[in-house]
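Chains, contacts and geometry: an overview
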Amino acid sequence: MKILNKLICFTLLSSVSVFSQESKELKISVSGYLETFYANDFQNSNTEKKLPFMYNYNRQNEFNLNIGLLRTKITYENGYASFALHSGTYVEDNYANEKIKYINEAIVGMYLDKDKKQTIEAGIMPSYIGFETANSSTNLTLTRSLLGENSPYFMTGLKYNYSPSAKWSFSGLLTNGWQRIAKPNAKTLPSLGSQLVYKPTENATFNWSLFIGDESIATDLRTRYFSNLYYDVKWDSKFRSILGFDYGLQKNSLGDGYDNWFSPVMITQYSINSKWQTAVRAEYYQDAKNVLIASEKEFKTFGTSFNLDYLPNTKMKIRSEMRYFNSKEAVFLRNDSAVNSNLFATISWCYEF
């Protein structure tokens, strides 16, 4: 908490100090994002929330705000800062264990060379893991994949970036842990992270992200190893696909071995024209030992979804999705009874300004 307070104070002081310089050298931008939704779980009408392992659009049979965000960015010479506030059901669910919920981003950064190939950043920042963000408008599907919902959306710490060319970039990180603002256990060492990005062409991206750190679970510290791989490619002006694979290991409760979880996913988007898009997704998520997804039985679930999006202008998206889960084990609820499948629909209105 002390480190975070110092970072925020430094950001504010930096912002104030640049105003004493000539305005022509100072750049300030303000942007925002609103995402409202309606969701309905056709099988589970007795609960306020739909699925406990999902953190977006997770309200049953009601209109609500998933996320509202306001961001300010400041650049001056070789330094920059970004500060953003947010609110909504995504914030209430995904930041439930944090005392500081409403800060989406608080970053101070600096370019280390004149060619801007190296940077160092500190603060609360978007996660370097995964291809899906908290803003639906940037994702191919309306809802996030199971691997996206159960990996970090944000990190707090220090990040070094190096881009030797337009095709390659590397990052190294020291963070407070797996999606943490404040560390739950002050005795834990900073977690380590790395990211490698390779762009063989303008239309293709290969990403490999790694995480290593001790997670505080009950009274124990358990070492977690995690790998995220994905390939994002635009085949032509109409088709775009993402293939992803997550694999994780965590020391078990006995301390004599490791539990694992993994998830492959494939998403393909088709642009019918400038106003209409569709997307289909197939995924599988296995967390047999319930490392990330709490369940009384082994969580081994296949999922599929279909999207239809309407883009009335460049700032707005109206998105709809039908999504289906199926498992050999009865891991879902149907009005308080355990069942093997789940079907729900979501509609969202996204607006950037």
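Report follows, based on the coordinates. Just so you know, these numbers come straight off a predicted model, no measurement behind them. Residue positions within a chain follow its written sequence, with the count starting from 1. Note on the predicted model: pLDDT of at least 70 is required for a residue's local features to be given, and 80 or more for side-chain atom pairs to be given and counted; whole-chain, interface and lining totals, by contrast, use all residues. Hydrogens and waters are ignored; side-chain quantities use all the structure's heavy atoms.

We count a stretch as a helix when DSSP gives it H or I for four or more residues in a row; a strand needs E for two or more, and each element gets its number in order from the N terminus. Tallying secondary structure elements over the chain gives three helices and 18 strands in all. Each of the three principal axes of the chain carries a C-alpha extent, and together these read 65 × 55 × 40 Å. In the chain, which comprises 353 residues, the share counted as buried stands at 48%. Summarising the internal contacts of the chain: among those between residues at least 6 apart in sequence, 55% fall at separations of at least 24. For every residue, the accessible area obtained with a 1.4 Å probe (protein chains only) is divided by the maximum for its type, and the residue is called buried under 20%, exposed over 50%, and partly exposed between those limits. Note on contacts: a residue pair is in contact if any heavy atoms of the two residues lie within 4.5 Å.

Structurally, valine 91 can be placed in helix H2 (residues 89-94). Linking valine 91 and phenylalanine 353, residues 262 residues apart in sequence, is a C-alpha distance of 20 Å. Not counting the four nearest positions on each side in its chain, valine 91 is found in contact with Asn66, His86, Ala96, Lys101 and Tyr102.

Positive phi outside glycine occurs at glutamate 77, with the angle close to 50 degrees. The topology assignment puts glutamate 77 in the loop between strand S2 (62-76) and strand S3 (79-87). Residue classification places glutamate 77 among the exposed positions, given a relative accessible area of 57%.

Our focus in this paragraph is the side chain of asparagine 135. Relative to the assigned elements, asparagine 135 resides in the loop between strand S5 (118-126) and helix H3 (146-149). A relative accessible area of 17% places asparagine 135 in the buried class. Dropping the residues within four chain positions of it, asparagine 135 is found in contact with Tyr33, Glu35, Ile67 and Arg144.

Okay, the pairing of strand S18 (residues 341-352) next. We call two strands paired when DSSP finds no fewer than two bridges between them. Where strand S1 (residues 26-41) meets S18, nine bridges bridge the pair, whose relative direction is antiparallel. Note on S18: the bridge partner recorded for glutamate 35 is cysteine 350. The sheet contact formed by strand S15 (residues 316-327) and S18 spans 11 bridges and is antiparallel. Residue pairing in the sheet places phenylalanine 325 in a bridge with asparagine 342 of S18.

Below, the discussion takes up the nonpolar core. To form a nonpolar core, buried Ala, Val, Leu, Ile, Met, Phe, Trp, Tyr and Cys residues must be joined to one another through side-chain atoms within 4.5 Å. Counting residues in each nonpolar core, the largest one holds 30 residues, and the members touching the most others are Leu51, Phe53, Phe131, Phe211, Tyr285, Phe325 and Phe332. Looking at this core, the elements with two or more residues in it are H3, strand S10 (220-234) and strand S12 (258-271). In terms of residue count, S12 provides more of this core than any other element does, three residues in total.

In this section: the pattern of salt bridges. Salt bridge, as applied in this entry: a Lys or Arg side-chain nitrogen positioned within 4 Å of an Asp or Glu carboxyl oxygen. Summed over all chains, the structure comprises 11 salt bridges. Between glutamate 321 and arginine 281 there is a salt bridge; the shortest N-O distance is 3.4 Å. Placement of the pair is glutamate 321 in strand S15 and arginine 281 in strand S13 (residues 276-287), with a sequence separation of 40 residues. Here glutamate 321 matches arginine 281 in class, with each residue buried. A salt bridge links arginine 319 to aspartate 309; the nearest nitrogen and oxygen atoms lie 2.9 Å apart. On the criterion of sequence distance, the pair formed by arginine 319 in strand S15 and aspartate 309 in strand S14 (residues 299-313) is long-range, its members being 10 residues apart. Overlapping salt bridges bring together Arg281, Glu283, Glu321 and Arg323 as one network.

Looking now at the packing of aromatic side chains. Stacked, tilted and edge-to-face pairs are distinguished by plane angle, under 30 degrees for stacked and over 60 for edge-to-face with tilted covering the rest, among Phe, Tyr and Trp rings (Trp via its six-membered ring) whose centres lie within 6.5 Å. The final tally for this structure, using the stated rule, is 26 aromatic pairs. Aromatic pair tryptophan 178 and phenylalanine 211: ring centres 5.2 Å apart, planes at 75 degrees, arrangement edge-to-face. With tryptophan 178 in the loop between strand S7 (168-175) and strand S8 (191-201) and phenylalanine 211 in strand S9 (residues 204-217), this residue pair connects regions lying 33 residues apart in the sequence. Of the residues examined, phenylalanine 211 reaches a relative accessible area of 0% and is grouped as buried. On the numbers, 4.8 Å between centres and 40 degrees between planes, the contact of phenylalanine 239 with tyrosine 270 is tilted.

Our focus in this paragraph is the pairing of S5. Pairing of strand S4 (residues 103-111) with S5, which is carried by six bridges, proceeds in the antiparallel orientation. In the strand pairing of S5, tyrosine 111 is matched with threonine 119. Counted between consecutive antiparallel strands, the loop separating S4 from S5 contains six residues, among which lysine 116 sits at a positive phi close to 60 degrees. Bridge count for S5 against strand S6 (residues 154-162) is nine bridges, and the pairing is antiparallel. By the bridge assignment for S6, proline 126 is matched with phenylalanine 154.

Take a nonpolar patch on the surface next. A patch consists of residues exposed above 30% relative accessible area that lack any salt bridge, with like charges linked at up to 9 Å and nonpolar side chains (Val, Leu, Ile, Met, Phe, Trp, Tyr) linked at up to 5 Å. For accessible areas, the Shrake-Rupley method is used with a probe of radius 1.4 Å. Any residue's cover is judged against the shown protein chains and nothing else. The grouping of Trp235, Phe239, Tyr270, Ile272, Trp276, Val280, Phe306 and Leu308 at the surface amounts to a nonpolar patch, some 750 Å² of accessible area in total. Taken together, the elements giving at least two residues each to the nonpolar patch come down to S13 and S14. Within the secondary structure layout, phenylalanine 239 lies in strand S11 (residues 239-251).

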